[in-house]
Amino acid sequence: VLKTSRGLLLRFSDPALFDLGRADLTGDALRILDKIFPLLKHLPNPIEAEGHTDDLPIRSSLFPSNWELSTARATSVVRYFVEAHQMSPERLTARGMGEYRPLSPNVPRRGQPKNRRVEINILR
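Residues numbered from 1 in each chain as written. Predicted model: local features only at pLDDT ≥ 70, side-chain atom pairs only at ≥ 80, totals over all residues. Heavy atoms only, no water.

Colleague: Help me understand the nonpolar core in this model?
Modeller: In a soluble, globular protein the nonpolar side chains are often hidden away together inside. In this structure, Leu33, Ile36, Leu40, Val77, Phe81, Met87 and Ile120 are the most contacted members of the largest nonpolar core, which totals 21 residues. Contributions of two or more residues to this core are made by strand 2 (7-13), helix 2 (27-40), strand 3 (47-52), helix 3 (66-85) and strand 5 (117-123). With residues near it in sequence (within four places) discarded, Met87 still touches Phe37, Leu40, Lys41, Ile47, Phe81, Val82 and Leu92. (Core = buried A, V, L, I, M, F, W, Y, C linked by side-chain atoms within 4.5 Å. Buried < 20%, exposed > 50% of the residue type's maximum accessible area, 1.4 Å probe, protein only. Helix = DSSP H or I, 4+ residues; strand = E, 2+ residues; numbered from the N terminus. Contact = heavy atoms within 4.5 Å.)

Set out below in structure tokens:
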């Protein structure tokens, strides 16, 4: 959890929510999102889910690039809040950032895992 100029940021590493190269929420992800939902539901603030990847290329029929993978992951989080918790879709935004906003240099087994993440921004 970080306080930023945009608001409050909740950062989740990729393995906590998704399997490598996938955008389906894991069972652990559902439990995590279920735990944070009560904190979000009464806030009037807009909420953005941002998906981020490392710089390893992905080229599949589902995800031609990291843009699609990161966007699909953010969308999975938003859809879960809407469908499982009836959160108002007007409050939610999904954004895919691809590999273009790394936290660390994309060094295998060091920086790459840090860069694979989803961030939930509770905006001011």
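Colleague: Even after reading the chapter, I still don't get the environment of Val107, so can you show me in this structure?
Modeller: Inspection of the secondary structure assignment puts Val107 in the loop between strand 4 (92-96) and helix 4 (111-115). Note: C-alpha distance between Val107 and Asp55 (52 residues apart in sequence) is 9.3 Å. If near-sequence neighbours (up to four positions away) are discounted, Val107 is found in contact with Gln112 and Pro113.

Colleague: Please clarify how the pattern of salt bridges should be interpreted in this entry.
Modeller: Opposite charge on two side chains lets them pair, provided their charged atoms get close. By the definition in use, this model includes 10 salt bridges. For the salt bridge of Arg31 with Asp28, the shortest nitrogen-to-oxygen distance reads 2.6 Å. Residue Arg31 and its partner Asp28 are both found in helix 2; the two are separated by three residues, about one turn of the helix. The shortest N-O distance in the salt bridge between Arg95 and Glu50 comes to 3.2 Å. Separated by 45 residues along the polypeptide, Arg95 in strand 4 and Glu50 in strand 3 bring together distant segments of the chain. The partly exposed category is assigned to Arg95, whose relative accessible area is 26%. Given the relative accessible area of 5%, Glu50 is considered buried. (Salt bridge = Lys/Arg side-chain N within 4 Å of Asp/Glu carboxyl O.)

Colleague: Can you help me understand the packing of aromatic side chains in this one?
Modeller: Aromatic ring pairs are reported here in terms of the distance separating the ring centres and the angle at which the planes meet. Taken as a whole and assessed by the stated rule, the structure comprises two aromatic pairs. Between Phe37 and Phe81, the ring centres sit 6.2 Å apart and the planes meet at 35 degrees, which makes this aromatic pair tilted. With Phe37 in helix 2 and Phe81 in helix 3, this residue pair connects regions lying 44 residues apart in the sequence. Take Phe37 and Phe81: they sit in the same class, and that class is buried. (Phe/Tyr/Trp six-rings, centres within 6.5 Å; stacked < 30°, edge-to-face > 60°.)

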